[in-house]
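# Examination of the molecular architecture
Below, each chain spelled out in residue letters.
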Amino acid sequence: AIKKEKDGLDNRGVLKYITLMQACADGHVTPQKKPIPMRLLLSTKVRPDGSFDKLKARAVISGDRMVKGVHYSIVFAPTPSLTAGKIVQALAVKDDLHRFGADIDQAFTAADNEKAEQIAVRLPEGMREFDEHGNELYGILMKNLYGSPAAPLNWSKCFNKYLLTEMGKEEGWDVARMHKEPCLYRVTIDGYVTWLVVHVDDIDGAAQREEDSAKILKKLAEKFGISIVQPKYMLGVQREMTVSASG
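Notes on the structure in this doc start here. Small disclaimer: the values here were computed from a predicted structure and weren't measured. (Residues numbered from 1 in each chain as written. Predicted model: local features only at pLDDT ≥ 70, side-chain atom pairs only at ≥ 80, totals over all residues. Heavy atoms only, no water.)

Within strand β9 (residues 192-199), 6 of the 8 residues are buried, leaving the element largely enclosed by the surrounding structure. Bridging between strand β8 (residues 184-189) and β9 involves 6 bridges; their strand directions are antiparallel. By the bridge assignment for β9, leucine 184 is matched with valine 197. Two successive antiparallel strands, β8 and β9, enclose a turn made up of 2 residues, where aspartate 190 displays a positive phi of approximately 50°. (Buried < 20%, exposed > 50% of the residue type's maximum accessible area, 1.4 Å probe, protein only. Helix = DSSP H or I, 4+ residues; strand = E, 2+ residues; numbered from the N terminus. Pairing = 2+ DSSP bridges.)

Below you can see the structure in the form of structure tokens.
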């Protein structure tokens, strides 16, 4: 699990490895801007029925050690309102929409950092590397890590830009972000509508055509990498639709 996490970070170009001396020379480390330690969070994932699923490792940055105005500037976590979720639930029931869900793999690591946010970090034990002289290598944060106060905003910008400027430019496609609910998107493909509620890196979708959900998931997988989740279980909540005796 640790190797998979480390390989994922390297494949995405999240960190640029340099020595501490080089980091100081490049201005990434100063008396005020010290390297921020990373940590490894190890957990066991279980299926909805409680059976073992997999072991998981997540490399995070110690955001509590970061200083506003030095390591980051704005804190923002985009989350949909309860109303947005209820609207899509109601539409799914009313119009018998196809439900689907997905989790963006290592979502925050897909978003680039601004130059001022490219700070030095020290890798956790189990992930550290050394140069040919035995000097420990530090990482310069080229993209975002979980735990960083700046990560949710940067990911939100990255994902929103992709939906509106790339996915929305496909022939026959139209993607709109709701003004009153910025985490609610309407994707129209050849006149048929799919609704997406974005819970940071979890996608809760409802489509008029099942084939459209497959097209959307394919594009997200190609761009970011995703894990398909059962729409019956979303964000730890079990959902079930029943039909009353009156229909």
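After presenting the structure, the write-up continues.
Turning to the packing of helix α4 (residues 151-166) against helix α5 (residues 210-223), a few remarks are in order. The N-to-C vectors of α4 and α5 enclose an angle of 125°; their axes lie 12 Å apart at closest approach. Classified by the interaxial angle, the pair formed by α4 and α5 is oblique. In this structure, the crossing between α4 and α5 has a hand that is right-handed. Each of Phe159, Tyr162 and Glu166 in α4 lies in contact with α5, whose residues at this interface are Lys219, Leu220 and Lys223. Among the residues forming the contact of α4 with α5, the class breakdown is 3 nonpolar, no polar and 3 charged. (Axes fitted to C-alpha atoms, helices over the stretch in contact; angles between N-to-C directions. Parallel < 35°, antiparallel > 145°, perpendicular 65-115°, else oblique. Left-handed = near helix turned anticlockwise from the far one by under 90°. Contact = heavy atoms within 4.5 Å. Nonpolar A, V, L, I, M, F, W, Y, C, P; charged D, E, K, R; others polar.)

When charged atoms on two side chains of opposite charge get close, those side chains can pair. Evaluation of the coordinates by the stated rule reveals 12 salt bridges. Note that glutamate 129 and lysine 6 form a salt bridge whose closest N and O atoms lie 2.5 Å from each other. Of this pair, glutamate 129 sits in the loop between β5 (120-122) and β6 (137-141) while lysine 6 sits in helix α1 (residues 2-12), and the two are 123 residues apart along the sequence. Overall, lysine 6 belongs to the buried group, its relative accessible area being 10%. The salt bridge partner of arginine 99 is aspartate 204, with a shortest N-O separation of 3.0 Å. A residue pair is termed long-range when its members are at least 10 positions apart, and arginine 99 in strand β4 (residues 98-104) and aspartate 204 in strand β10 (residues 202-207) qualify at 105 residues. (Salt bridge = Lys/Arg side-chain N within 4 Å of Asp/Glu carboxyl O.)

So, about the pairing of β10. Here β10 lies mainly inside the structure; 6 of its 6 residues are buried. Residues Asp202, Asp204 and Ala206 line one face of β10 and the alternating positions Ile203, Gly205 and Ala207 line the opposite face, and both faces are buried. Sheet topology note: the β4/β10 ladder contains 6 bridges and is antiparallel. Bridge pairing links arginine 99 to alanine 206 in β10. When β9 meets β10, the two strands line up antiparallel, connected through 6 bridges.

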